[in-house]
Amino acid sequence: MNEDFALSQMEQETDQMLRIRYINNENAEFTRTGTGFLSLKIEDEFYPRVQVVRMFPFMHKDEFLSVRTPDERSKEIGIIEKLSDMAPETVAMLQEQLTLRYFTPTITKIFGIKDEYGYAYWDVMTNYGACRFTIQMGGNAVVHLSDTRILIIDIDENRFEIPDIMALSNSERKKLDLFL
Amino acid sequence: MILKYELSKENLALCELKAEEEIYYCLPLDIDLEGNYRHDSYTVMTNKRVLVLEEGRLTRQFGIEECDEIRSEPQIACGIVYVVQGEKQLLLGRFTAKHLTRYSYLFRGMQILKRGRTERVISNEYEHSCPKCGRALPGTRECPHCLGKKEGLFSIFLEMLKPHKKRLAVILLLMLSATFVTLANPAIQKYLVDDVLLRDNKEYGLAFLCLFGMFIMSAGIVFINAAKSYLCSKLGSYIGEDQRKKLFDKIQQLSLSFITDRSPGELMNRIVRDTARIKDFFADVFCNLFTIVILFVCVCIYMLVLNWRLALLAFVFAPFSVVLSIAWKKNIRKRFHLQGIKSDKMNNNLQDVISGMAVVKSYGQEYREAEHFDDTADEFAKIQKGNEVFFAVFYPVLSFLLGVGIYLVTYYGGKGVLLGSMTPGELLQFVNYTSLLYSYVNWMSGMPRAFMNLVTSLERIGDVLSQEPSIVSLPDAVEHEIEGEIEFKNASFGYKSYQPVLENVNLTVHKGEMIGLVGASGTGKSTMINLIMHLYEVDDGEILVDGIDIRKIRLENYHSQIGVVLQENFLFAGSILNNIKFAKPDASYEEVIGVAKMANAHDFICKLPDGYNTYVGEHGYNLSGGERQRIAIARAMLNNPRLLILDEATASLDTESEYLIQKAIGRLTKGRTTFAIAHRLSTLKDADRLVVIDGHRIAEVGTHEELLARKGIYYGLVQAQLKVRL
């Protein structure tokens, strides 16, 4: 008897993993916990804290968001297909959590890049403020997401993005020559 | 790594430290919740409280006794820190990835303080950049720049030359003679023209003497240059070889994490390409460097002495040709760079598709891949065509323009000759010197680039050579014969220390015991094995071998006593015989055959056409998985290891191989302390004890029967496997 129960529970769990449950305004209610996080009541389940994860962070920032439990196992609770379909208050709450999770400043101006001893020292302006960082040359520090979009990962694993190299000035693009 | 940043006086005042309260940890909160950079916000933990300072204000404080834990959670390229009170989690703030590792220590820091103890947590990890000057630290504890090692490169360069002093002396001698000859030739020509040909003495003898002299000079210069080139290339090759050896040795010494952090291609580049650049520098640049500089100076002086007006004219145009050739070279470099990128792209595409041809075919994507390749090939062809056209059209133009100075000199000089202020011989000499001058100037304009290449290569090589291996034999390490008693004491480890893979592991293994490691995929079984193999070191706690800290045993000595059979059995390019003898190259044939028989490999080897001499190519390609594994087992056995590590292959082989391998492993593990990541039920049953790892910790320990009776995690895993197999 015991054996069958354990087995059927495992089967149930694996079946649940297959399920795609869409979260929308009707079946779910998000609330701020007041301590900086987000709780969720969906159907008859309650989660005191949830994590919002982008499934396609480079392609669809606000679509296909996976809402998950924040612990080690991180099980998926449901999927939000389009952020904009949710109520405006909810959208704000979810955006807060997304902002908390992802940090990739966009480089708006390149003041200078100096390369020395196999490392390149960048001095830039981003949408979050001025910043200096160091990347390792000769590694995979600069990733081409497309022909004109690059992601830069520095030695501390911070990330920076230049969405369109062509939008930079000519002199700035020249500085990037080494890395393209 | 710094765990306590210094606070300004104002911030310190904000903390309002009470009596007997001191700051233990102070870490920056360098971004706000929206992500904007901040420069004056901190998380402060004293022995009594946790404080949050934000841009000059104290915004939160908690007593340590009010909190259960303080936790930091890595996010995507950033992290958050929060305090746990019962069920609630209170967010304190955010920080960039730079501080992820630092914050991970706060958890333990608070636990220690909560227990009423006063120890401070110290991190032995290295900073990534120097706190003083901001330069990146290449895996060293101290900043080479701040220590004044700036002249490092030049001293590296001199170090390289030291062993070759004699050769250098000869080269220098040749350079001086080349200088002399080059200067003398035009002088003889002048004498020939002015004093012999233009006089009507019909002094044939003298003329022939001059011609003979010129011939000797020309031939001489050829020989001297040839000898110089030969010696310099040889010097370059020797130096290149020295550096290659040094690099390879160093890379072998460095710990596994250094190599796994980088792509093998990059390391190969250092050893192959950077040393080649150094060799090229000697062969191409160095051998001409001094000659040309001396000649340049001498020629300038001569020209000024001969006819200073004409000399100045020539000098004025020199910069013009320099500018032209620099602009030209820059353009060429950009073109080649672009061509290189497109060529790489095309090659990568090709390699990808050809390696994965089986996949392409089975999904029927040949047409699409062909189209994609067409595109990349087109891009490459376009660039290449453009480049070729460019060279074909502009090279002649450039050559013409570079000669402008000479035409002018000839014109004005010619006028001078006609007017009688210069002799034809002098003009000839002058024009010769001018061409020499321009060619030197041209050559020297390429110097900055050559130097930059050399310096870059020296830097990259120096970078590797200055790395300190993170796992070394401690100075007081001893040689120890392993008995087989292994103990894990409060061991914690993470490849990135802020993301632990194993937490607080306690386990005692007795001599000769076979331990089966079980657990879901990715729970830390391979990690435990890596720690036992001393390829990585625990972040916290210790591992004892026969009561001795594993760090106190000499690495080479320890490794020579371990046998390893992994999932992917890597066989080096070579014969089966050499692969089996890998750990013990001086083994006798009898020993080899003995272990091959024990591993149930002897029979299939004999059936191969070349027997033990069969060449197993890259990754032992010609053999099946089961055959490779049996050779690996034989290899492990040959050394008679005291400790055995076994990482079972998950793929099930045909029943005959399975049975043979099972028997072979049985013989291998008999009487040896063995750690096996077990997947086969038969292995699990044979194990003396099973250790179930779940959630970064050891969940259950016991024999197969004991754990089944417990009906816990192990029970569930076995059930699932049985269900699947049936």
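Definitions and limits used
Residues numbered from 1 in each chain as written. Chains lettered and ligands numbered in written order. Predicted model: local features only at pLDDT ≥ 70, side-chain atom pairs only at ≥ 80, totals over all residues. Helix = DSSP H or I, 4+ residues; strand = E, 2+ residues; numbered from the N terminus. Buried ≥ 20, exposed ≤ 12 C-beta atoms within 10 Å, placed from the backbone. Core = buried A, V, L, I, M, F, W, Y, C linked by C-beta atoms within 7 Å. Contact = placed C-beta atoms within 7 Å. Pairing = 2+ DSSP bridges. Axes fitted to C-alpha atoms, helices over the stretch in contact; angles between N-to-C directions. Parallel < 35°, antiparallel > 145°, perpendicular 65-115°, else oblique. Left-handed = near helix turned anticlockwise from the far one by under 90°. Nonpolar A, V, L, I, M, F, W, Y, C, P; charged D, E, K, R; others polar. Expected span 1.5 Å × (residues − 1). Bend = angle between axes of the 7 residues up to and from the residue. Arc of directions from axis to C-beta. pLDDT = per-residue confidence, 0-100.

1. Quick word on the overall build of chain B
Here's step 1: On a plain count of helices and strands, chain B comes out with 24 helices and 19 strands.
Here's step 2: Evaluated residue by residue, chain B yields a buried proportion of 29% over its 726 residues.

2. Details of the nonpolar core
Here's step 1: Grouped together as the largest cluster of nonpolar side chains are 62 residues, with contacts concentrated most on B:Leu517, B:Ile633, B:Ala634 and B:Ala676.
Here's step 2: Residues contacting B:Ile633, with those up to four places away along its chain left out, are B:Val565, B:Ala599, B:Ala664, B:Ile665 and B:Leu668.

3. A closer look at the pairing of strand β8 (residues 119–126) of chain A
All names here are of chain A.
Here's step 1: In the sheet, strand β7 (residues 107–116) pairs with β8 via eight bridges, with the strands oriented antiparallel. Of the residues in β8, the one forming a bridge with Gly112 is Asp123.
Here's step 2: Taken together, the eight bridges between β8 and strand β9 (residues 129–136) define a ladder with antiparallel strand orientation. Residue pairing for β9: Tyr119 is matched across the bridge by Gln136.
Here's step 3: What sits between β8 and β9 in their antiparallel hairpin is a turn of two residues.

4. Some thoughts on the packing of helix α12 (residues 404–419) of chain B against helix α13 (residues 424–445) of chain B
Packed helix pairs are characterised by how far apart their axes lie and by the angle those axes make with each other.
All names here are of chain B.
Here's step 1: At a minimum axis distance of 10 Å, the contact between α12 and α13 shows a crossing angle of 165°. Relative to α13, α12 is oriented roughly antiparallel. As α12 runs across α13, the sense of the crossing is right-handed. Taking contact as the criterion, the partners of Gly405, Ile406, Val409, Thr410, Gly413, Gly414 and Val417 in α12 are, on α13, Pro424, Leu427, Phe430, Val431, Thr434, Ser435 and Tyr438.
Here's step 2: Tallied by class, the residues present in the contact of α12 with α13 amount to eight nonpolar, six polar and no charged.

5. With respect to helix α11 (residues 366–402) of chain B
All names here are of chain B.
Here's step 1: Taking 1.5 Å per residue as the helical rise, α11 with its 37 residues ought to reach 54 Å, and the 52 Å between its terminal C-alpha atoms agrees with that figure.
Here's step 2: Where α11 bends most, the angle comes to about 35°, and this point is Phe394, followed within four residues by the proline Pro396.
Here's step 3: Burial analysis of α11 places just two of its 37 residues in the buried class, a small minority of the element.

6. Considering the sheet that holds strand β1 (residues 23–28) of chain B
All names here are of chain B.
Here's step 1: Spatially, four strands are ordered β1-β2-β3-β4 in an open sheet, and the strand pairing comes out antiparallel. Taken across any chain shown, the strands that pair with only one partner, and hence form the sheet edges, are β1 and β4 (57–63). The sheet shows a mean angle of 15° between the axes of neighbouring strands, direction not considered.
Here's step 2: In this structure, β1 lies alongside strand β2 (residues 41–46), joined through five bridges in antiparallel fashion. The partner of Cys26 across the bridge, within β2, is Val44.

7. Some remarks on helix α2 (residues 88–101) of chain A
Residue and element names in this part refer to chain A.
Here's step 1: Between its first and last C-alpha, α2 extends 20 Å over 14 residues, near the 20 Å set by a 1.5 Å rise per residue.
Here's step 2: Listing the buried residues of α2 in full gives Thr90, Leu94, Gln97 and Leu100. Buried residues of α2 fall within an arc of 115° about the axis and therefore sit on the same side. In α2, the exposed positions angled more than 90 degrees off the buried face are occupied by Pro88 and Ala92.

8. With respect to the interface of chain B and chain A
Here's step 1: Each side of the interface is counted separately: chain B has 35 residues, and chain A has 31 residues.
Here's step 2: Of all the elements, strand β7 (residues 88–96) of chain B adds the most residues to the side of chain B that touches chain A, at six residues.

9. Here we look at the confidence of the model for chain B
Here's step 1: Per-residue confidence for chain B gives a mean pLDDT of 84, with 95% of residues at or over 70.
Here's step 2: With pTM at 0.69, the complex prediction returns an ipTM value of 0.91.

10. As for the sheet that holds strand β12 (residues 159–162) of chain A
Residues and elements named next belong to chain A.
Here's step 1: One open sheet holds the three strands; their spatial order is β10-β11-β12, and the pairing between them is antiparallel. Strands at the two margins of the open sheet, each flanked by one partner only, are β10 (142–144) and β12. Strand-to-strand twist of the sheet, defined as the mean angle between neighbouring strand axes without regard to direction, takes the value 20°.
Here's step 2: Bridge analysis of β10 against strand β11 (residues 150–153) gives three bridges, and the strand direction is antiparallel. In the strand pairing of β11, Val142 is matched with Ile152.

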